[in-house]
Amino acid sequence: MTSTASKDTNSALVGIRLGASNIVVAYFKEGRSETIVNELGDRVTPTFITFNDGNETAIGLPSKQGLIRNQQNTIQWSPHFLAKHDDNDILLRYYKQKSPINVTESNNRIEFSLTVDGKMKSIHLEIIIVNLLNYVRQLILSVTGAREVQAVLSVPHQMTQTINQDLIRLCMKKSGIELHSIISDACSACMAYELDKDGGHVESHILVYRLGGSTHECSIIRAIGGCFQTVASVYGFENNGDAFTDLLTDVIADEFQKKTKSDPRLASRSLLKLRACSEQAKHVLSTTPVTQCSIDALHEGIDLDCNVSRLRFDGVANNLINECLKPIDVILEKAKLQTDDIKLIVLCGGGTKVLKLRDAIQDRLPNADMLSSINGDEVIALGAARQCYIENKYAKVQVSKDDNQFERVGVRYFRSHLIITDDQKNEISDSDIDDDDNDDEKENDQLDIDWDKHESYLRKLNLSEWKDQDHYRVLGLAKLRYKATQKQVRSAHKQMILRYHPDKSKRIESERFSLITHAFELLSNPTLRRSYDSVDPKFDDAIPNPTTADNFYEVFGPVFDRNARWSIHQHVPLLGNDDTSFEQVNKFYRFWYDFSSWREYSYMDEEDKSQGQDRDERRYIEKLNRVERVKRKKTEMTRLRNLVDRAYALDPRIKRQKKEEQQRKDDEKLRRKQEVDKRKQEQKQKEIDEAKRIADEKQRTEEEAKRKQDEAKKEKDAQKKIIKKEKKQLRDLCKEANYFNDKAAAPNLKQIEQIETLIEYLPVDDLKILNATLQEENADKRSIILSELKKMDGQMQQSRLELSQQSSSSSTTSSSNSAAAIKWTPEEIELLVKSLRIYPAGVQNRWLVVQEYLKRSGGNPNRNVQDIMAKAKHIASGKKEVDESSASLDHIALNSHKQSGIAETEAKLNAVTLSERDEETSVPWSVDEQRIFEQALRTYPASLGASRWDQIAECLASRNKKECLERYKELAKMVQAKKAVNKP
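Residues numbered from 1 in each chain as written. Predicted model: local features only at pLDDT ≥ 70, side-chain atom pairs only at ≥ 80, totals over all residues. Heavy atoms only, no water.

A few words now on the side chain of His454. Here His454 is to be found in helix α15 (residues 451-460). Residue class for His454 comes out buried when judged on its relative accessible area of 6%. (Helix = DSSP H or I, 4+ residues; strand = E, 2+ residues; numbered from the N terminus. Buried < 20%, exposed > 50% of the residue type's maximum accessible area, 1.4 Å probe, protein only.)

As structure tokens, this is what we get:
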């Protein structure tokens, strides 16, 4: 069979593991396989694909995380259906338990029924696989920078049959990936551990145990001379990694139900959240003894927060682990082998990370060595990538058909089945065929052994302490050490046999030759060699401790290069130099602070587990050894952390970055301060503007109020002027008519008093009507006046009657309480004093006239005569309210010059005719006026000059300057007369 694929420097050589749950891709570069990391930084991509509106798709982790919202349009585990299962009904029933999507099969075509935007849509399996492979191709091209992709696809053993490959090859072709071959997962796992390089002719059996997310597979490989033959294989999907996730889901759900009395498994959204958390916790428990599970609003708005220990997880997983061991018994019986016939166990699949499962498999096959140093998720893809390199390497040669049913994998298979024709000799170079032999010769040249020193070293070694010897030096690999390949180890061992074997030479004792045998057995076994490399005695664990950053890169660079060999992850970032970007520097320190070391210190176990008498003793020994390994591992991680801390503290780039960051923070702080100051200034200006607006508004309000007050005052003054005019007109008319007395008769004072009372009693409208009536021609003025007087007397008589009835119906106490209930204001007191001065004692119906005066002048209309009499009595008796009245009068007298209304009244009084003024001055001075006048004389002394009498007159609203001067002269004459009388 001839392969048409050729070498292409622009092609990426990759291995693809197309699992039911996940896709893993690795590529071969510079002599080794490396796993490709996707855009999210993960090495594993879930096979979840979501179909959205507009033919948009989401693949991988975003689709898996959106499963909670998109259950009806998300397809999971689609590669299950690539194989033609004999038990398809069981597969369909199992799939329906995990997904709400309906799967149908007709005419050998698998279709998925989705609900996209409320509409049913059918998707063929071919479309789904092509979308997944397109995503893989784009990922490979973006990482490797190649133009084309050549791949080897790894699938379960049953899918390698010819009838099952047609759909796979069609999908690979449509996705643009050149497919070399399809190999089984078991062979890929063996290729990852380079088991195909074993050139011996001893037959051995290898058990490859795979536990994936939704499937499990157990295969037995017969290996001889580096060629593999699949003896038997068992495949199923009932006991898988998801079963462990379900167990952990039940543990966490029971813990939540115990605390909250509600079961989150009853709601589909809550169950999906819980499964995602359980899956993460399962992976964490494979490396740590305890993990914390936290989910916000898991069920009914309640958060989940609990701890799950590995011990508890192992306890609930006992029965499931026993079920997972059954395929081993089945396949041993199927292959007709015993447990002792299995020499190697190769673990692959993410489910094999469960430590108790590993121990159970090891206990089931105690005489077999377990290979588990490579991550179980990646081991199959890494082996497939190596197979792709081998097939591309031998693409130009013809390979004969194998009659022993060996798998077409591995370098030994191709080298043992080469067919070179005469036409190909000129086209194929020696390096294409014999490059492995050439490599062996080059590697032999690199050994460069000083045999004399080597022989002297072997003679010094203690035979009983072979474990403490330097195995690399024993084989002559002291210069290469951990860099030595398996070819170099075998080549060195071959040279040691040719030189020191007891049958060929007597240079050393036969017993001492066993030291070489021990060294070869250890270094030729990848697991034992890895444990020895972990404690390499020649490795320098020292950490520099400089006090300054001088020669920082020269001091710390080699140390990080030296310790990078312990990293589990490949592509370890190095220290760099002073020109390295901050992004790379931060990436470097993030990597080293999260450094994961593969050093496992099993070589330093004080007790050998194989020496145990029974299983319990072996378990006890393993437990003691594990405790010591954990202690040493912790010490190693502390050492690495101290190295990173010291480098971080002295790194000039970090100091420069911190300085720039601090400067940025200071600038940001200054900017924020300026913004705050600006906002404060704007707020202050806003407050000033608001205060100005309020002041302007207040000023406008005050001006408007003053304007209205002035208008009201003008109106009031005009009304007063009209009243005064009407009163003067009536009074003058009565004077001219001699108050309607007979001219010959003497004046009737009582009638005059009644007429004056009428003038004061009548409202302004009645006065106008009366004056108009009196001025009519042929009007009987006397009869009209007498009629008005009679009418006034009747009204007053009616008022007295009502007053007497009111007094008789209410008690004195109630009257006093009623009077006291209405408080007198200073303005009302002023009006009362003024009315008492206008209507002195002796005026007929004086108190009724005073009551009417108060009502017309703006006083309280509810004041009755008793209230007015009581208040006047209080003022006259000098009790408590007299002080209030005096203070009110003083306030009115002394501050009247501030009241524009009184000043205008005085100005209008000055404009009154001389006869009217003479009439008003004839009014005697009251006690209150006398008191205010005397106080004004004391307040304004004679030193003020001519302005003194103006200020004194302003204190007396009812008196003018002339009256004040005349009163002063009268008082002065009275004093002089009194002095003259008292003079002897």
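After that view, the rundown keeps rolling.
Under the defined criterion, the tally for this structure stands at five cavities of 30 Å³ or more. In this structure, the largest cavity occupies an estimated 80 Å³ of space. In the lining of the largest cavity, the residues fall into seven nonpolar, four polar and two charged. (1 Å grid on protein atoms, 1.4 Å probe; cavity = no way out; pocket = protein on both sides within 12 Å on 5 of 7 lines; lining within 4 Å. Points joined across faces, edges and corners; volume = space filled by probe spheres on them. Nonpolar A, V, L, I, M, F, W, Y, C, P; charged D, E, K, R; others polar.)

Let's shift gears to the pattern of salt bridges. Applying the stated criterion to the full structure yields 51 salt bridges. With its nearest N and O atoms 2.8 Å apart, the salt bridge here joins Asp377 to Lys353. Note that Asp377 is positioned in the loop between β19 (369-371) and α11 (379-393) and Lys353 in the loop between β18 (342-348) and α10 (355-364), a separation of 24 residues in sequence. Exposure remark for Lys353: the relative accessible area of 21% places this residue in the partly exposed category. The network of salt bridges with common partners includes Asp359, Asp605, Glu622, Arg626 and Arg629. (Salt bridge = Lys/Arg side-chain N within 4 Å of Asp/Glu carboxyl O.)

Backbone geometry at Glu300 places phi at a positive 55 degrees, although glycine is not the residue there. Tracing the sequence through the fold places Glu300 in the loop between β16 (290-299) and β17 (302-309). Positive phi is not limited to glycine here, since Tyr601 has a value of about 60 degrees. On the secondary structure map, Tyr601 appears in the loop between α21 (582-593) and α22 (615-650). Residue classification places Tyr601 among the buried positions, given a relative accessible area of 7%.

Right, let's get into the pairing of strand β15 (residues 227-236). Counting buried residues in β15 gives eight out of 10 residues, a clear majority hidden from the surface. The turn joining strand β14 (residues 216-224) and β15, which pair antiparallel and follow one another in sequence, is formed by two residues; a positive phi near 65 degrees is taken by Gly225. (Pairing = 2+ DSSP bridges.)

Turning next to the sheet that holds strand β9 (residues 109-116). Sheet architecture is open: three strands sit in the order β8-β9-β10, paired in antiparallel fashion. If you trace the sheet from one side to the other, it starts and ends with β8 (102-106) and β10 (119-124), each paired once. Each neighbouring strand pair of the sheet contributes to a mean axis angle of 30 degrees, computed without reference to strand direction. Taken together, the six bridges between β9 and β10 define a ladder with antiparallel strand orientation. The residue bridging Val116 from the neighbouring strand is Lys119, located in β10. Strands β9 and β10 of the sheet are contacted by helix α3 (residues 125-144), whose axis makes an angle of about 75 degrees with β10. (Axes fitted to C-alpha atoms, helices over the stretch in contact; angles between N-to-C directions. Contact = heavy atoms within 4.5 Å.)

Moving on, we get to the packing of aromatic side chains. Two measures describe an aromatic ring pair: the distance that separates the ring centres and the angle between the ring planes. Scanning the model with the defined rule gives 23 aromatic pairs in all. Ring geometry for Phe28 versus Tyr389: centroids 4.2 Å apart, planes at 15 degrees, classification stacked. With Phe28 in strand β2 (residues 22-29) and Tyr389 in helix α11, this residue pair connects regions lying 361 residues apart in the sequence. Here Tyr389 falls in the partly exposed class, since its relative accessible area comes to 31%. Each ring, one from Phe560 and one from Trp592, has its centre 4.9 Å from the other, and the planes form 75 degrees; the classification is edge-to-face. One end of the pair, Phe560, is in helix α20 (residues 552-563); the other, Trp592, is in helix α21, and 32 residues separate them in sequence. Both residues of the pair, Phe560 and Trp592, belong to the buried class. Within the aromatic cluster, the residues linked to one another by ring pairs are Phe560, Phe588, Tyr589, Phe591, Trp592, Tyr593, Phe595 and Tyr648. In this arrangement the basic side chain of Arg530 is found over the ring face of Trp598, its NZ or CZ atom lying 4.2 Å from the centre. Above the face of the Tyr482 ring, Arg565 is positioned so that its terminal group lies 3.7 Å from the ring centre. (Phe/Tyr/Trp six-rings, centres within 6.5 Å; stacked < 30°, edge-to-face > 60°. Lys NZ or Arg CZ within 6 Å of the ring centre and 35° of its normal.)

Now for the nonpolar core. With 54 residues, the main nonpolar core has Val14, Ile16, Ile75 and Phe112 as its most contacted residues. When residues in this core are grouped by element, the largest group, 11 residues, is from α3. Apart from residues lying up to four places away in sequence, Ile16 is in contact with Ile23, Val24, Val25, Val136, Ala151, Val152, Leu153, Ser154, Met172, Ile177 and Ala384. Grouped together as the second largest cluster of nonpolar side chains are 44 residues, Cys277, Cys306, Cys324 and Ala368 included. (Core = buried A, V, L, I, M, F, W, Y, C linked by side-chain atoms within 4.5 Å.)

On the surface, Lys453, Lys460, Arg473 and Lys538 cluster together into a patch of positive charge. Along the chain, Lys460 turns up in helix α15. We classify Lys460 as exposed; its relative accessible area is 69%. (Patch = residues over 30% accessible without salt bridge, like charges linked within 9 Å, V, L, I, M, F, W, Y side chains within 5 Å. Areas by Shrake-Rupley, 256 points an atom, 1.4 Å probe, with all protein chains shown as cover. Lys, Arg positive; Asp, Glu negative; His and termini not counted. Charge placed at Lys NZ, Arg CZ, Asp CG, Glu CD.)

Okay, the sheet that holds β14 next. With mixed pairing, the five strands of this open sheet are ordered in space as β15-β14-β13-β18-β19. This sheet does not close on itself; its edge strands, each paired only once, are β15 and β19. Strand-to-strand twist in this sheet, taken as the mean axis angle between neighbours without regard to direction, amounts to 20 degrees. As defined by bridge partners, strand β13 (residues 204-211) adjoins β14 across eight bridges and the pair is classed as antiparallel. Its bridge partner lying in β14, Arg210 is registered against Glu217. Against the sheet, helix α9 (residues 318-335) engages β13, β14, β15 and β18, with an angle of about 130 degrees to β15.

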